Amino acid sequence: LVNPRVSIVVPCYNYAQYLDEALQSILDQTYVDWECIVVNDGSTDNTAAVAHKWVAKDARFIYLFKENGGVSSARNLGIEKAQGEFIVTLDADDKYASSFIEKALSIALENEEVGIVSCWGIYFVNNKHFGGNKLNGKSVEDFLYKNAAIGTSFFRKVCWEKVGGYDGDPRNGYEDWDFYLGVCKLGWKVHIIEDYLFFYRQKKGSRRKIMNQRYKDNMSYIYCKHKDLYLSHYEDFVNHFLDTIVSEKREQVKIKNKLEYKIGYSLLKPLRLLKAIFLKMLPK
């Protein structure tokens with residue numbers, strides 16, 4: 001039997017200092033029928049030189065350059081050019097364990113309902129590992145209010161085609177979560193390998209931290225883009241917000257009267273967000 005081709009897409013914008021580690025984690029994979037497409041998203045550092053070194057080392061590495069357009073557009077270009085029926089995304093500063101692709105492919109081949117295969121992720125700085133995410137999303141309900149899988153995963157290329165690729169709208173700071181929601185809405189399942197096979201680099205000024213600072217705008221965009229989904233789960237949607245408010249209030253009540261003003265303000269924020277989202281969802 002011919003082994004299916006797996007295409008790994010690595011967008012890189014000014015992360016040349018980390019790119020070697022990311023690509024070494026691909027070269028170390030126990031599954032060998034892959035191609036790795038490095039997409040230089042208009043970097044101003046020596047990303048091109050680093051990538052060309054890997055292209056010369058192994059013909060399975062491919063280099064593409066594009067004008068800067070963000071991680072979604074870089075991923076979309078790489079996936080568009082990909083020859084594999086299965087896709088793996090990997091950011092240029094992160095790494096996968098050597099067994100990830102082999103394990104993920106085996107799961108996908110065994111179950112056609114699985115569109116996405118992910119795993120647990122662990123944080124690292126230099127060579128020190130700490131913390132970790134034991135995310136365990138399986139279907140669309142698990143992804144309604146949070147991203148229930150790590151941001152880079154293994155998936156069928158047809159999933160990407162059916163949802164129209166990654167959303168490159170600059171208002172969308174959670175493009176991975178948005179992509180998973182779109183795939184699950186179409187009926188595919190997510191399988192998460194319960195093992196730490198993804199390594200997420202922690203550093204100052206990471207994109208993830210910046211996106212979390214824009215939490216309100218990012219959440220509002222997700223809810224409004226998928227309003228058909230949330231309106232179909234209307235009661236759960238309302239209860240989720242009310243539970244969040246009650247939980248926050250209980251935590252704040254533990255603090256004495258000197259923070260009463262902050263308690264009131266903390267309750268107003270989710271209420272205002274809920275009101276704004278519902279107003280956008282109502283038929284005009």
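The preceding data block contains the structure.
Everything numeric here is computed off the predicted structure, so don't read it as measured data.

Turning our eyes to something else, we now look at unusual backbone geometry. Positive phi, close to 60°, is recorded for asparagine 14, a residue that is not glycine. Assignment of secondary structure puts asparagine 14 in the loop between strand 1 (6-12) and helix 1 (16-27). Judged by its relative accessible area of 23%, asparagine 14 is partly exposed. Positioned with a positive phi, asparagine 126 is a non-glycine residue whose angle comes to about 55°. Among the secondary structure elements, asparagine 126 is positioned in the loop between strand 6 (114-125) and strand 7 (128-133). Residue classification places asparagine 126 among the exposed positions, given a relative accessible area of 60%.

For helix 6 (residues 175-185), a buried count of ten out of eleven residues is recorded, marking the element as mostly surrounded by other parts of the structure. Where helix 6 is concerned, the buried positions are Glu175, Asp176, Trp177, Asp178, Phe179, Tyr180, Leu181, Gly182, Val183 and Cys184. Glycine 187 sits one or two residues past helix 6 and shows a positive phi near 105°.

For the rest of this paragraph, the subject is a negative patch on the surface. There is a patch of like negative charges on the surface, built from Glu141, Asp142, Glu235 and Asp236. Turning to its location among the elements, glutamate 235 is positioned in helix 10 (residues 234-253).

A few words on the pairing of strand 6. On a regular strand, each side chain points to the face opposite its neighbour's, so the side chains alternate between the two faces of the sheet. The element strand 6 is extensively covered by neighbouring structure, given that eleven of its twelve residues are classed as buried. Of the pairings in the sheet, the one linking strand 6 to strand 9 (residues 189-201) comprises ten bridges and is parallel in character. Following the sheet pairing, isoleucine 122 is matched in strand 9 by phenylalanine 199. Direction of pairing for strand 6 relative to strand 8 (residues 154-156): antiparallel, over a ladder of two bridges. Its bridge partner being in strand 8, valine 117 is matched across the sheet by phenylalanine 154. Linking two consecutive strands that pair antiparallel, namely strand 6 and strand 7, is a turn of two residues; a positive phi of about 55° is found at asparagine 126 within it.

As a further point, take the nonpolar core. By size, the foremost hydrophobic cluster in this structure holds 42 residues, and its most contacted members are Val6, Ile8, Leu19, Cys36, Phe100 and Phe154. At the level of secondary structure, the elements contributing two or more residues to this core comprise strand 1, helix 1, strand 2 (34-41), helix 2 (47-57), strand 4 (86-89), helix 4 (100-110), strand 6 and strand 9. If sequence neighbours within four positions are ignored, leucine 19 has contacts with Val10, Cys12, Val38, Thr47, Val50, Ala51 and Ala92. Of all hydrophobic cores here, the second largest spans 37 residues; its members include Leu64, Ala148, Cys159 and Tyr230.

Before going further, it helps to spend a moment on the packing of aromatic side chains. Inspection of the entire model under this criterion finds 21 aromatic pairs. A centroid spacing of 5.3 Å and a plane angle of 65° characterise the contact between tryptophan 54 and phenylalanine 61, whose relative ring orientation is edge-to-face. Here tryptophan 54 falls in the buried class, since its relative accessible area comes to 2%. Between the aromatic rings of tyrosine 96 and phenylalanine 100, the centroid separation amounts to 4.2 Å while the plane-to-plane angle is 0°, which identifies the pairing as stacked.

Reading the values: rules and limits
- Residues numbered from 1 in each chain as written.
- Predicted model: local features only at pLDDT ≥ 70, side-chain atom pairs only at ≥ 80, totals over all residues.
- Heavy atoms only, no water.
- Helix = DSSP H or I, 4+ residues; strand = E, 2+ residues; numbered from the N terminus.
- Buried < 20%, exposed > 50% of the residue type's maximum accessible area, 1.4 Å probe, protein only.
- Patch = residues over 30% accessible without salt bridge, like charges linked within 9 Å, V, L, I, M, F, W, Y side chains within 5 Å.
- Areas by Shrake-Rupley, 256 points an atom, 1.4 Å probe, with all protein chains shown as cover.
- Salt bridge = Lys/Arg side-chain N within 4 Å of Asp/Glu carboxyl O.
- Lys, Arg positive; Asp, Glu negative; His and termini not counted.
- Charge placed at Lys NZ, Arg CZ, Asp CG, Glu CD.
- Pairing = 2+ DSSP bridges.
- Core = buried A, V, L, I, M, F, W, Y, C linked by side-chain atoms within 4.5 Å.
- Contact = heavy atoms within 4.5 Å.
- Phe/Tyr/Trp six-rings, centres within 6.5 Å; stacked < 30°, edge-to-face > 60°.

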